[in-house]
Amino acid sequence: MALMITDECINCDVCEPECPNNAISQGEEIYQINPDLCTQCVGHYDEPQCQQVCPVDCIPFDPDRVEDHDQLYKKYLVISVKA
Ligand code: SF4
Ligand code: SF4
C-alpha cells in the first residue's frame, strides 16, 4: 500500500530526503508521494521512513492503493533495476 500526504502538510521538508525511492517531491502547494515509487519502504526499512519523521502525522496509507508485501517487494525490485 502506498502512502499519501494529506493537506495537513506544513511543507517542513523533512520527509523528502528520508525516502529511499525518491518518491516524495514538492507539489504545487504541499509535498506529494508518487505511488508508483512508494514501496512503503519495503526493500530498505522495516517502517515507512516518512511516517517516522513527519511532525504532524499527515502521511497515512492510501486506501486506494492497497498492495501486499509481495507486490511492494516486486515494485522495489523494478525500481532498483531502473535506478
Ligand atoms: S513509505 Fe518509504 S518509500 Fe514510501 S514515500 Fe515514505 S519514505 Fe518513500
Ligand atoms: S514531513 Fe510531513 S509536514 Fe513535513 S513536508 Fe513531509 S508530509 Fe509535509
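As a starting point, this report considers the structure included with it. Here the structure is a predicted model, which is why all the values come from computation and not from measurement.

A few points about the overall build of the protein chain
Part 1: Across its full length, the protein chain holds two helices and two strands.
Part 2: Taken over the C-alpha trace, the protein chain has a radius of gyration of 12 Å; the compact-globule value for 83 residues is 12 Å, and the two agree within 12%.
Part 3: Buried positions account for 35% of the 83 residues belonging to the protein chain.
Part 4: Considering only contacts within the protein chain whose residues lie at least 6 apart along the sequence, 63% involve residues at least 24 apart.
Part 5: Positive and negative side-chain charges of the protein chain, numbering 4 and 16 respectively, have mean locations separated by a distance of 14 Å.

What to know about helix H2 (residues 69-82)
Part 1: Spanning 14 residues, H2 covers 20 Å between terminal C-alpha atoms, matching the ideal 20 Å at 1.5 Å per step.
Part 2: Taken together, the buried positions of H2 are Leu72, Lys75, Tyr76 and Ile79. For H2, the angular spread of the buried residues around the axis is 105°, confining them to a single face. Pointing more than 90 degrees away from the buried face of H2 are the exposed residues Asp70, Lys74 and Val81.

Points about unusual backbone geometry
Part 1: At Asn22, a residue that is not glycine, the phi angle is positive and equals roughly 50°.
Part 2: Mapping Asn22 onto the fold places it in the segment before strand E1 (24-26).
Part 3: With phi around 75°, Cys41 is a residue other than glycine that occupies positive phi space.

Analysis parameters
Residues numbered from 1 in each chain as written. Chains lettered and ligands numbered in written order. Predicted model: local features only at pLDDT ≥ 70, side-chain atom pairs only at ≥ 80, totals over all residues. Heavy atoms only, no water. Helix = DSSP H or I, 4+ residues; strand = E, 2+ residues; numbered from the N terminus. Rg over C-alpha atoms; globule rule 2.2 N^0.38 Å. Buried < 20%, exposed > 50% of the residue type's maximum accessible area, 1.4 Å probe, protein only. Contact = heavy atoms within 4.5 Å. Lys, Arg positive; Asp, Glu negative; His and termini not counted. Charge placed at Lys NZ, Arg CZ, Asp CG, Glu CD. Expected span 1.5 Å × (residues − 1). Arc of directions from axis to C-beta.

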